[in-house]
Amino acid sequence: MKSNKKHIAVINFIVGSCSLFAQEDTTLTVPLITDRPDARESPTAMPKGILQIETGSFYESYEKNSIKKEAFTYNTTLLRYGLLNNLELRVGWNFEEQTVHINGNKLKDVNSGFHPLLLGFKTTIAQANGWLPEIGFLSHLYLPFMASTDYKPETTGANFLFAFNHTLSEKSNLGYNIGAAWNNDSPEIAYTYAIAYGYGITDKLGMYTELYGNFPENSTANHFWDAGLTYLISYNVQLDASVGTSITNGQDLLVSAGASFRTPTQKQIR
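Residues numbered from 1 in each chain as written. Predicted model: local features only at pLDDT ≥ 70, side-chain atom pairs only at ≥ 80, totals over all residues. Heavy atoms only, no water.

**Q** How do you make sense of the overall build of the protein chain when you look at a structure like this?
**A** Along the backbone of the protein chain there are one helix and 14 strands. In the protein chain, which comprises 270 residues, the share counted as buried stands at 48%. For the protein chain, the exposed area adds up to about 12,800 Å²; of that, 60% sits on carbon and sulfur atoms. (Helix = DSSP H or I, 4+ residues; strand = E, 2+ residues; numbered from the N terminus. Buried < 20%, exposed > 50% of the residue type's maximum accessible area, 1.4 Å probe, protein only. Areas by Shrake-Rupley, 256 points an atom, 1.4 Å probe, with all protein chains shown as cover.)

So, in structure tokens, the structure goes:
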């Protein structure tokens, strides 16, 4: 699942998270911090008792030797809930349809259905302090028994990562992740990374660009880039759009769009 998505310090808006939740006793006095549309995860856990829904769709294509594969992911919903003061529960589920074209002719067989259910948590383990970044830790399981037949693996996948965020100025920040993943049905570990730069164009409009990928133990490394925009409708609603591709083989085009919503529990301060 892709994701990410983040907001900067003063305007609290785009790619990354700020430390304002730690500085404010109130809960919803700042814009929501999301984990989409970029691949990079923010280090900030949801406040206790707050539910955030992040959803969207994306299209991917890859063509090699007259064989073109297309994937339409219609649902990338991630539910984030503040279970405790510094512990976020995460549940996600993707619905995908994949088609294959050979020499321009579409094959009749179409893979479609839900991917394994994502179940995980996030915790913030250090707040930003000067040049020291905010640091978070995330871990997920990918449960095969919740997947559709076309995407059902025999074993459970898993990943973990550390998330970092540096506030560079009132309008920009730098975030990055390092971690590892075990894909479904594969004992091979892949070391993962993502680095994203975010900039607030206005109070509501932000942009980001990022580089991300992985280094499997016994396979060729995969590297990707993407860039996108976010638009903050209100403190609790954000829209996003992004585009990207691979640097190595594997993806000719990625186009994504989505929205994020947060449940308010008190009067917001503007």
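So much for the structure itself; the text now carries on.
**Q** Explanation requested: the packing of aromatic side chains in the structure shown.
**A** For the coordinates displayed, the defined rule picks out 12 aromatic pairs. Ring centres of phenylalanine 95 and phenylalanine 114 lie 5.1 Å apart, and the angle between their planes is 75 degrees; on these two criteria the pair is classed as edge-to-face. Pair noted here: phenylalanine 95 is in strand 3 (residues 87-102) and phenylalanine 114 is in strand 5 (residues 111-114), with a separation of 19 residues, a long-range link. Accessibility expressed as a relative area gives 27% for phenylalanine 114, which makes it partly exposed. An aromatic cluster is defined as three or more aromatic residues linked by ring pairs; in this entry it consists of Tyr59, Phe72, Tyr74, Trp93, Phe95 and Phe114. (Phe/Tyr/Trp six-rings, centres within 6.5 Å; stacked < 30°, edge-to-face > 60°.)

**Q** What is the right way to look at the side chain of serine 246 in this model?
**A** One can find serine 246 in strand 13 (residues 237-246). Polar contacts involving the side chain of serine 246 include one to the main-chain carbonyl oxygen of threonine 248, which spans 2.6 Å. Here the side chain of serine 246 touches glutamine 251 through a polar contact of 2.6 Å, landing on its backbone oxygen. When near neighbours in sequence (up to four residues on either side) are disregarded, serine 246 contacts His223, Phe224 and Gln251. (Polar contact = N/O pair within 3.5 Å; in protein donor to acceptor, adjacent residues only side chain to side chain. Contact = heavy atoms within 4.5 Å.)

**Q** Honestly, the pattern of salt bridges in this entry has me stumped. Any pointers?
**A** Pairing between side chains of opposite charge can happen when the charged atoms of each approach one another. In the structure shown here, the tally under the stated rule is nine salt bridges. Residue aspartate 35 is joined to arginine 80 by a salt bridge in which the shortest nitrogen-to-oxygen separation is 3.8 Å. Of the two residues, aspartate 35 sits in the loop between helix 1 (20-23) and strand 1 (51-64) while arginine 80 sits in strand 2 (residues 67-84), which places them 45 residues apart along the sequence. Note on accessibility: aspartate 35 and arginine 80 belong to one class, buried. When the shortest N-O distance is used, the salt bridge between arginine 36 and aspartate 240 registers 2.7 Å. Taken together, the residues span a long stretch of sequence, with arginine 36 in the loop between helix 1 and strand 1 and aspartate 240 in strand 13 at a distance of 204 residues. The burial state of arginine 36 is the same as that of aspartate 240; both residues are buried. Through salt bridges with shared partners, a single ionic network connects Asp35, Glu41, Glu54, Arg80, Glu88, Arg90 and Lys122. (Salt bridge = Lys/Arg side-chain N within 4 Å of Asp/Glu carboxyl O.)

**Q** Would you explain a nonpolar patch on the surface in this entry?
**A** Side chains of Trp131, Leu168, Tyr197, Tyr199, Ile201 and Leu229 sit close together on the surface and give an oily, nonpolar patch of about 610 Å² of accessible area. Topologically, tyrosine 197 is positioned in strand 10 (residues 189-200). (Patch = residues over 30% accessible without salt bridge, like charges linked within 9 Å, V, L, I, M, F, W, Y side chains within 5 Å.)

**Q** What am I meant to see in the environment of aspartate 252 here?
**A** Note that aspartate 252 resides in the loop between strand 13 and strand 14 (253-262). Judged by relative accessible area, aspartate 252 falls into the partly exposed class, the value being 40%. With sequence-adjacent residues up to four places away left out, aspartate 252 is seen in contact with Ser61, Tyr62, Glu63 and Thr245.

**Q** I tried to follow the confidence of the model for the protein chain on my own but got confused; where do I start?
**A** Predicted coordinates in regions of low pLDDT should not be interpreted in detail. In this model, the protein chain carries an average pLDDT of 87, and 87% of its residues clear a pLDDT of 70 or more. Predicted confidence for residues 1-27 stays below pLDDT 50, and this span has 139 contacts to residues more than four positions away or in other chains. The low-confidence segment residues 266-270, where pLDDT is below 50, has 11 contacts with residues more than four positions distant or belonging to other chains. (pLDDT = per-residue confidence, 0-100.)

**Q** Looking at this model, I keep getting lost on the nonpolar core. Mind explaining?
**A** One recurring pattern in soluble globular proteins: nonpolar side chains tend to sit buried together. Core analysis: the largest hydrophobic core is formed by five residues, namely Phe58, Ala194, Tyr212, Phe224 and Leu254. Once residues lying within four places of it in the same chain are set aside, the contact partners of phenylalanine 224 are Glu210, Leu211, Tyr212, Gly213, Thr245, Ser246, Ile247 and Gln251. (Core = buried A, V, L, I, M, F, W, Y, C linked by side-chain atoms within 4.5 Å.)

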